[in-house]
Every structure is written in C-alpha cells, then in structure tokens.
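# Structure assessment
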Amino acid sequence: MDNEIKNMLPGEQKSGSMGGIIGAIIIIIILIAGGWYFISNRVEKVQEQKQASKVLDVSTGSSTEVADIQTDLNNLDMNSLDQ
C-alpha cells in the first residue's frame, strides 16, 4: 500500500545545491550595498555638521569708546560672516 501511495505522488525533482549558494550570495551583496549606502550617508552628514559648526574667530575689544568700536568694525572680516 505504501508503494502505491508513493507512486501516486508527483516526484520531487531535487535541485542542485547551487540555488542556496546563489541565494546566499545575493543576500550578502544586498547587505553590503545597504551598509555602503548607510555609511556614505552618515559620512556626508558628519562632514556637513563639521562645516556648519566652524567657529568664527572674531577678536574684539571690550572697550566702549567710539574709536575702539570703529576699529573693531574696520577689522571685522564680513566675508567670513556670509557662510
């Protein structure tokens, strides 16, 4: 009886082990590409933050005399404030 049941079931074709290996390689490639994308975006954000956080080195006096204030304004580099 067991033989009859086995003969009635469609035969399963065994595929080679290449399908599993190819699938694993595809998954590894997708993981590497995703990691590469994530890391490159993170590096860009860090570089943008470094550029945005540049501290302006402005040295001014603490005097309240008009001549000293005018000297400080003359020494101020306006191009560095444009960023």
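About the criteria used
- Residues numbered from 1 in each chain as written.
- Predicted model: local features only at pLDDT ≥ 70, side-chain atom pairs only at ≥ 80, totals over all residues.
- Heavy atoms only, no water.
- Helix = DSSP H or I, 4+ residues; strand = E, 2+ residues; numbered from the N terminus.
- Buried < 20%, exposed > 50% of the residue type's maximum accessible area, 1.4 Å probe, protein only.
- Areas by Shrake-Rupley, 256 points an atom, 1.4 Å probe, with all protein chains shown as cover.
- Patch = residues over 30% accessible without salt bridge, like charges linked within 9 Å, V, L, I, M, F, W, Y side chains within 5 Å.
- Salt bridge = Lys/Arg side-chain N within 4 Å of Asp/Glu carboxyl O.
- pLDDT = per-residue confidence, 0-100.

## So, the overall build of the protein
- The helix and strand tally for the protein stands at four helices and zero strands.
- Mapped in sequence order, the helices and strands of the protein form the string α-α-α-α.
- For the protein, the residues scored as buried account for 0% of the 83 residues in total.
- As displayed, the protein offers around 8,300 Å² of accessible surface, 59% of which is attributable to carbon and sulfur atoms.

## Observations concerning a nonpolar patch on the surface
- On the surface, M18, I21, I22, I25, I26, I29 and I30 cluster together into a nonpolar patch covering about 680 Å² of accessible area.
- Assignment of secondary structure puts I30 in helix α2 (residues 18-52).
- We classify I30 as exposed; its relative accessible area is 56%.

## Quick word on the confidence of the model for the protein
- Of the residues in the protein, 63% have a pLDDT of 70 or more, and the chain-wide mean is 76.
- In the model of the protein, helix α1 (residues 2-8) stands out as the element of lowest mean pLDDT, 55, in contrast to α2, which has the highest, 89.

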